[in-house]
Amino acid sequence: MLNAWRAAVALGAALVALVFLAWFDSDVMTAAQQRAAATFSSSDWLLPSAVGTLVATGAVLLLGVLAWRSRSAWVGVIYAVVGGFIVLLPWIVWSFASYVNDVPPVLPEPIGGAVSTLWGETFGPLNAVTIVGAGMTVTGVALIVRRWRDRAVAGAGRVADAAEQPVGP
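I will try to describe carefully the structure that is included in this document. Keep in mind that this is a model prediction, so the values were computed, not measured.

## Re the environment of Pro 125
Line of reasoning, step 1. The residue Pro 125 is located in the loop between α4 (109–122) and α5 (128–164) in this model.
Line of reasoning, step 2. Owing to a relative accessible area of 32%, Pro 125 belongs among the partly exposed residues under this scheme.
Line of reasoning, step 3. Taking C-alpha positions, Pro 125 is 6.5 Å from Asp 25, a pair spaced 100 residues apart along the chain.
Line of reasoning, step 4. Ignoring anything within four residues of it in the chain, the contact list for Pro 125 reads Asp 25, Met 29, Thr 30, Gln 33 and Trp 45.

The following block contains the structure:
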C-alpha cells in the first residue's frame, strides 16, 4: 500500500510541476519578456528568469527523488514515455504536424492541431517544461534499469539457493 501511495505522489507531483511550469514559462515569462522589451530594462526579465530556472531545477530534483523512492516500474515507464514525448514535442510538431514547403503534414488535422496547441501552450523563453521532461526521461530510464537489475539479482539469488540444496532422497 505504501508503494502505491508513493507512486501516486510521484505521478501527481509530476503533473503539478508540469502544469505549473507550463503556466509560468508561457504566461509569466512571456509577459516579463514583453515588458522588458517595451521598457528597455532587462531587470524586468532577469529576476523571473532566475526564479523560473531555480523552480525548474528544483522540480527535476524533486521528481527524481519521488520517483526513485516509489520503487515502481510503472512510474519509471510513465516518466520515460511522458518525458520523452515532452522532449520530442518540438520535433514532432515541425516534422509531422506542420506544413513544410507546401507539403501537408503527416499527422491528420485533429491530432496535428492538438499536438501543435500543446506545444504552443507549454513553450516559453525558459524551456522549463522541456527541461523537466528531460529530467523525467532520465529518471524513468534509471528507475526501469533499477527495477530490472533488482529482479535479476533476486532471481540469481534464488538460483544459487536451489543449486546448494542436496538432490536425492
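## Points about a nonpolar patch on the surface
Line of reasoning, step 1. Taken together, the side chains of Trp 74, Val 77, Ile 78, Val 81, Val 82 and Ile 144 make up a nonpolar region of the molecular surface, amounting to roughly 530 Å² of accessible area.
Line of reasoning, step 2. With 5 residues, helix α3 (residues 73–96) is the single largest residue contributor to the nonpolar patch.
Line of reasoning, step 3. Structurally, the position occupied by Val 82 is in helix α3.

## Details of α4
Line of reasoning, step 1. Between its first and last C-alpha atoms α4 spans 20 Å; for 14 residues at 1.5 Å apiece the expected length is 20 Å, and the two agree.
Line of reasoning, step 2. Of the residues making up α4, those classed as buried are Gly 112, Val 115, Trp 119 and Thr 122. Around the axis of α4, the buried residues are gathered within 110° of arc, so they sit on the same side. Opposite its buried face, α4 presents the exposed residues Glu 109, Pro 110 and Glu 121, each directed more than 90 degrees away.

## Describing the packing of aromatic side chains
Line of reasoning, step 1. Under the counting rule described, the total for this entry stands at 6 aromatic pairs.
Line of reasoning, step 2. Measuring from ring centre to ring centre gives 5.7 Å for Phe 20 and Trp 23, while their planes differ by 45°; the resulting arrangement is tilted. Residue Phe 20 and its partner Trp 23 are located together in helix α1 (residues 2–39), separated by 3 residues, close to a single helical turn.
Line of reasoning, step 3. What makes Phe 20 partly exposed here is its relative accessible area of 36%.
Line of reasoning, step 4. Judged by centre distance (5.3 Å) and plane angle (45°), the rings of Trp 119 and Phe 123 are tilted.

## Brief notes about the packing of α1 against helix α2 (residues 43–70)
Line of reasoning, step 1. For the pair α1 and α2, the least separation of the axes is 9 Å and the interaxial angle reads 170°. Taken together, the axis directions place α1 and α2 in an arrangement best described as roughly antiparallel.
Line of reasoning, step 2. A per-class count over the contact of α1 with α2 returns 21 nonpolar, 6 polar and 4 charged.

## What about unusual backbone geometry?
Line of reasoning, step 1. The phi torsion at Asn 101 lies on the positive side, around 55°, for a residue other than glycine.
Line of reasoning, step 2. For Asn 101, the position within the fold is in the loop between α3 and α4.
Line of reasoning, step 3. Note on Asn 101: relative accessible area 72%, which makes it exposed.

## A closer look at α1
Line of reasoning, step 1. The terminal C-alpha atoms of α1 lie 53 Å apart, and with 38 residues this matches the ideal 56 Å at 1.5 Å per residue to within 8%.
Line of reasoning, step 2. In the structure, α1 departs most strongly from a straight axis at Phe 24, where the bend amounts to approximately 30°.
Line of reasoning, step 3. The positive-phi residue at the C-terminal boundary of α1 is Phe 40, with phi of around 55°.

## Here we look at the nonpolar core
Inside soluble globular proteins, nonpolar side chains tend to come together where they are buried.
Line of reasoning, step 1. Residues Leu 21, Leu 63, Val 75, Tyr 79, Val 132 and Met 136 are the most contacted members of the largest nonpolar core, which totals 23 residues.
Line of reasoning, step 2. Looking at this core, the elements with two or more residues in it are α1, α2, α3 and α5.
Line of reasoning, step 3. The element contributing the most residues to this core is α1, with 10 residues.
Line of reasoning, step 4. Counting 5 residues, the second largest nonpolar core, distinct from the first, contains Leu 89, Ile 92, Val 115 and Trp 119.

## Quick look at the side chain of Ser 49
Line of reasoning, step 1. One can find Ser 49 in helix α2.
Line of reasoning, step 2. In this structure Ser 49 comes out as buried when scored by relative accessible area, which is 12%.
Line of reasoning, step 3. Not counting chain neighbours up to four residues away, the residues in contact with Ser 49 comprise Met 29 and Leu 126.

Conventions adopted
- Residues numbered from 1 in each chain as written.
- Predicted model: local features only at pLDDT ≥ 70, side-chain atom pairs only at ≥ 80, totals over all residues.
- Heavy atoms only, no water.
- Helix = DSSP H or I, 4+ residues; strand = E, 2+ residues; numbered from the N terminus.
- Buried < 20%, exposed > 50% of the residue type's maximum accessible area, 1.4 Å probe, protein only.
- Contact = heavy atoms within 4.5 Å.
- Patch = residues over 30% accessible without salt bridge, like charges linked within 9 Å, V, L, I, M, F, W, Y side chains within 5 Å.
- Areas by Shrake-Rupley, 256 points an atom, 1.4 Å probe, with all protein chains shown as cover.
- Salt bridge = Lys/Arg side-chain N within 4 Å of Asp/Glu carboxyl O.
- Expected span 1.5 Å × (residues − 1).
- Arc of directions from axis to C-beta.
- Phe/Tyr/Trp six-rings, centres within 6.5 Å; stacked < 30°, edge-to-face > 60°.
- Axes fitted to C-alpha atoms, helices over the stretch in contact; angles between N-to-C directions.
- Parallel < 35°, antiparallel > 145°, perpendicular 65-115°, else oblique.
- Nonpolar A, V, L, I, M, F, W, Y, C, P; charged D, E, K, R; others polar.
- Bend = angle between axes of the 7 residues up to and from the residue.
- Core = buried A, V, L, I, M, F, W, Y, C linked by side-chain atoms within 4.5 Å.

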